[in-house]
Amino acid sequence: MANKEQSYPSRLNKKKNNNNRSNSILNIMIALVFTLVIIIGATLLFGGDDDSADPESVEVAPETENQTSDKEDATVTAEENDLEEEQAEEDAQPEKDAAKEEEDKEKEEEEETKGGTITREDSNDPIVSETIVNTSWEPVGTSQSGDHVSSYQKDSVDWKEKIEAVAYATGLPQNDMYVMMVQNGGGPQKSIATVQSRDRSEKYRVFLAWADGEGWKPERMDVLKTLDGAY
């Protein structure tokens, strides 16, 4: 009887120990699952933000910085180019002045080697810029014969030859010249013609003399400032 009473509690203790072991294992599994859920949730929550932020910080920020640097470099380069161009112009100015002086000298020498001498004199006349005498001027030729009679009719041969001599002296083509006045020059074989270019930028008063059998010859020419009082 005593042996039966002792075996019953032993079976109860064994069963109780088995239950405690199962509960412990279950609790550990639940804790592991809970921890795993927390880790996955944290990864999805914080990991997603990091992924979306990283490309933006890596790609956009350096590009913006490069663009700003490029603009600054371009501005500095443009300013440097302007300064270099200004300096180059200043350095080249003495050469330009020397070239212009040489060109003017060559023109003077060329004028002197055309078989005559060109004289330019300032005038005391307020409407005259300068008076020019060219010893290389020659008579322009004539189709007239016999005793010469100066004519001031526009359709006459003599008048047309006067205009030809004026064009020769001034260098203005007849189709680019307004004839303002052709008048007697103080004698039967002398005339004075006042003309201007069609754009009115050039004005001249030409003094002509007749050479028998050779036509009208320019003797001198006034470069006019204005036509007021010129004739």
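### Some words on the overall build of the protein chain
Then comes step 1: Each helix and strand counted, the protein chain has 2 helices and 6 strands in total.
Then comes step 2: Across the protein chain, helices and strands are ordered from the amino to the carboxyl terminus as α-β-β-α-β-β-β-β.
Then comes step 3: Here the protein chain holds 231 residues, and 22% of them are scored as buried.
Then comes step 4: Put simply, the protein chain shows about 16,900 Å² of open surface, and 51% of that area lies on carbon and sulfur atoms.

### A few points about the side chain of Q196
Then comes step 1: Within the element layout of this structure, Q196 appears in strand β4 (residues 190-197).
Then comes step 2: Ignoring sequence-local partners within four residues, the contact set of Q196 consists of L172, D176, M177, Y178, M180, E202, K203 and L227.

### Section: the pairing of strand β6 (residues 215-224)
Then comes step 1: Within β6, 7 of the 10 residues are buried, which leaves it mostly tucked inside the rest of the structure.
Then comes step 2: With 4 bridges connecting them, strand β2 (residues 128-134) and β6 associate as antiparallel partners. By the bridge assignment, E130 is partnered in β6 with V223.
Then comes step 3: Judged from the 8 bridges that link them, strand β5 (residues 203-211) and β6 form a sheet pairing that is antiparallel. Its bridge partner being in β6, A209 is matched across the sheet by K217.

### Things to note about the sheet that holds strand β1 (residues 118-122)
Then comes step 1: Spatial strand order, β1-β2-β6-β5-β4-β3: 6 strands in an open sheet with antiparallel pairing. Sheet topology places β1 and β3 (177-184) at the edges, where each strand pairs with a single neighbour. The average angle at which neighbouring strand axes cross in this sheet is 25°, direction not considered.

### What about the packing of aromatic side chains?
Then comes step 1: Inspection of the entire model under this criterion finds 1 aromatic pair.
Then comes step 2: Seen in terms of ring centroids, W210 and W216 are 5.5 Å apart; in terms of plane orientation they differ by 70°. Their pairing is edge-to-face.
Then comes step 3: For W210, a relative accessible area of 12% translates into the label buried.
Then comes step 4: Residue class for W216 comes out buried when judged on its relative accessible area of 0%.
Then comes step 5: Its guanidinium or amino end placed over the ring of Y178, R198 lies 4.7 Å from that ring's centre, counting from NZ or CZ.

### Description of the pattern of salt bridges
Then comes step 1: Evaluation of the coordinates by the stated rule reveals 5 salt bridges.
Then comes step 2: Close ionic contact of R205 with D125 constitutes a salt bridge, the shortest N to O distance being 3.7 Å. One end of the pair, R205, is in strand β5; the other, D125, is in the loop between β1 and β2, with 80 residues separating them in the sequence.
Then comes step 3: Residue K190 is joined to E219 by a salt bridge in which the shortest nitrogen-to-oxygen separation is 3.4 Å.

### Considering the pairing of β2
Then comes step 1: Alignment of β1 against β2, held across 5 bridges, turns out to be antiparallel. Residue T119 lies in a different strand from β2, and its bridge partner there is V133.
Then comes step 2: In this antiparallel pair of consecutive strands, β1 and β2, the connection spans 5 residues.

### A word on a negative patch on the surface
Then comes step 1: Taken together, the side chains of E79, E80, D82, E84, E85, E86, E89, E90, D91 and E95 present a region of like negative charge at the surface.
Then comes step 2: Position of D91 relative to the elements: it lies in helix α1 (residues 2-112).
Then comes step 3: Here D91 falls in the partly exposed class, since its relative accessible area comes to 48%.

### Some words on the confidence of the model for the protein chain
Then comes step 1: Looking at the protein chain, pLDDT values average 81 and 73% of them are 70 or higher.
Then comes step 2: Here residues 1-6 is a poorly scored stretch, pLDDT under 50, and it has 0 contacts once near neighbours within four places are set aside; other chains count.

### Overview of the environment of F207
Then comes step 1: Considering the arrangement of structural elements, one finds F207 in strand β5.
Then comes step 2: A C-alpha to C-alpha distance of 9.8 Å links F207 and A165, two positions 42 residues apart in sequence.
Then comes step 3: Sequence-distant contacts of F207, defined by excluding residues within four places in its chain, comprise S191, I192, K217, P218, E219, R220 and D222.

### Considerations on the nonpolar core
Then comes step 1: Membership of the largest hydrophobic core comes to 20 residues, with the highest contact counts inside it found for V166, M177, Y204, V206, L208 and M221.
Then comes step 2: At the level of secondary structure, the elements contributing two or more residues to this core comprise α2 (157-170), β3, β4, β5 and β6.
Then comes step 3: The dominant element in this core, judged by the number of residues it contributes, is α2, at 6 residues.
Then comes step 4: Other than its neighbours up to four places away in sequence, V206 contacts V166, A169, T170, S191, I192, A193, P218, R220 and M221.

Conventions used here
Residues numbered from 1 in each chain as written. Predicted model: local features only at pLDDT ≥ 70, side-chain atom pairs only at ≥ 80, totals over all residues. Heavy atoms only, no water. Helix = DSSP H or I, 4+ residues; strand = E, 2+ residues; numbered from the N terminus. Buried < 20%, exposed > 50% of the residue type's maximum accessible area, 1.4 Å probe, protein only. Areas by Shrake-Rupley, 256 points an atom, 1.4 Å probe, with all protein chains shown as cover. Contact = heavy atoms within 4.5 Å. Pairing = 2+ DSSP bridges. Axes fitted to C-alpha atoms, helices over the stretch in contact; angles between N-to-C directions. Phe/Tyr/Trp six-rings, centres within 6.5 Å; stacked < 30°, edge-to-face > 60°. Lys NZ or Arg CZ within 6 Å of the ring centre and 35° of its normal. Salt bridge = Lys/Arg side-chain N within 4 Å of Asp/Glu carboxyl O. Patch = residues over 30% accessible without salt bridge, like charges linked within 9 Å, V, L, I, M, F, W, Y side chains within 5 Å. Lys, Arg positive; Asp, Glu negative; His and termini not counted. Charge placed at Lys NZ, Arg CZ, Asp CG, Glu CD. pLDDT = per-residue confidence, 0-100. Core = buried A, V, L, I, M, F, W, Y, C linked by side-chain atoms within 4.5 Å.

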